[in-house]
Amino acid sequence: MILISPSLLSADFAELGKEVRNVTRAGADLIHFDVMDGHFVPNITFGPMILSAIRKYSNLSFEAHLMIDHPDKYWRQFSDAGANIIGFHIESKINHWQLINDIHRQRKKVCLVVNPPTEINVIKRFLPELDIVLVMTVNPGFGGQKFIASNLKKIEWLNTQRKKNNYSFLIEVDGGINYQTASLVKKAGADIIVAGSFIFGNRNYKKVIKNLKCC
Ligand code: DX5
Ligand code: ZN
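Along each chain, numbering runs from 1 in the same order as the chain's sequence is written. Each chain takes a letter, starting from A, and each ligand takes a number, starting from 1, following the order in which they are written. At least 70 in pLDDT is required for a residue's local features to be given in this predicted model, at least 80 for side-chain atom pairs to be given and counted, and no such filter applies to totals for whole chains, interfaces and linings, which use all residues. Processing note: side-chain calculations cover all non-hydrogen atoms of the structure and skip hydrogens and water entirely.

Draft legend 1. Structural context of the environment of T45. With respect to the helices and strands, T45 occurs in the loop between β2 (30-36) and α2 (48-54). Remark: exposure states derive from per-residue accessible area (1.4 Å probe, protein chains only) relative to the maximum for the residue type, with buried under 20%, exposed over 50%, and partly exposed in between. You can call T45 partly exposed: its relative accessible area is 22%. With 71 residues separating them along the chain, T45 and P116 place their C-alpha atoms 21 Å apart. In what follows, residue pairs with any heavy atoms lying within 4.5 Å of each other are defined as contacts. The residues touching T45, leaving out its near neighbours within four places in the chain, are L9, D34, V35 and M36. Working definition: helices are DSSP H or I runs of at least four residues, strands are E runs of at least two. Numbering for both runs from the N terminus.

Below you can see the structure in the form of structure tokens.
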């Protein structure tokens, strides 16, 4: 069964703790925390102090999706604040091998993220070391954008690589998820779906999460 990771980007920021508790009770499997610095993407969200404040509202794993210029400089603060999974972009100009090793040394999970314009085979050499590969299906920065279907090929490619080489990474998809696109990414081989506006834009979180799992 597919796992659901609600993105807090579309939650009610004035009630963030309560929102985390509500999606947890509604059947979420992970909590997705989008960090933006106004440089790597043209938007600014929240930092480690906010993560630390809402951490106690759920026992689920938190994933910090770092859309920032220097994930190598800041990941540890998110890890200390309670993130279990650290996601950073192949497009960040950093030493990716070093960061993968550093995160694993802290016994946290590594998620490597790929933007829509980036060819998926540029991450081939990292695949054996990864816990999760996150395929962006919108250009990062904002919730509520339209799913870019050409990225489905990347999910299929990752699924083939995984089977062929016996890799253990999970495939996650982020951006433009609704019932229709959830069914497409599932067919392509995804294991985890991030959904922001589609979950938080609906009053009945339980019903949306349940339907996303089985559509
Ligand atoms: C986009 C973020 C996503 C975003 C998805 O930059 O990484 O996690 O919240 O939002 P929806 O599900 O509305 O496309
Ligand atoms: Zn995200």
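Draft legend 2. Seen up close, the coordination of the zinc ion (ligand 2). Those protein atoms acting as donors to the zinc ion (ligand 2) are H32 (NE2), D34 (OD), H65 (ND1) and D174 (OD), and they sit at 2.1 to 2.3 Å. Take H32: its relative accessible area is 1%, and that puts it in the buried class. The class for H65 is buried, based on a relative accessible area of 2%. Only nitrogen, oxygen and sulfur atoms qualify as donors, and only when within 2.8 Å of the metal (3.2 Å in the case of Na, K and Ca); with water excluded, sites may look incomplete.

Draft legend 3. View of the nonpolar core. To define a nonpolar core, start from buried Ala, Val, Leu, Ile, Met, Phe, Trp, Tyr and Cys residues and group those joined through side-chain atoms within 4.5 Å. Among the nonpolar cores identified, the biggest contains 61 residues, and L8 and I123 are the most heavily contacted of them. Excluding its chain neighbours within four sequence positions, the residues that come into contact with I123 are I90, L112, V114, V133 and L158. Core analysis: the next-biggest nonpolar cluster, separate from the first, contains nine residues, L30, C111, V113 and L134 among them.

Draft legend 4. Looking closely at the side chain of D191. Within the element layout of this structure, D191 appears in the loop between α6 (179-188) and β8 (192-195). A 3.5 Å cut-off defines polar contacts: any pair of N or O atoms within that distance qualifies, except that in protein one atom must be a possible hydrogen donor and the other a possible acceptor, and neighbouring residues in sequence count only when both atoms are side-chain atoms. At 2.8 Å, the side chain of D191 forms a polar contact with the side chain of R162. Apart from the residues lying within four places of it in its own chain, the contact partners of D191 are I2, L3, R162, L170 and I171.

No statement about biological role is implied by the geometric values presented.
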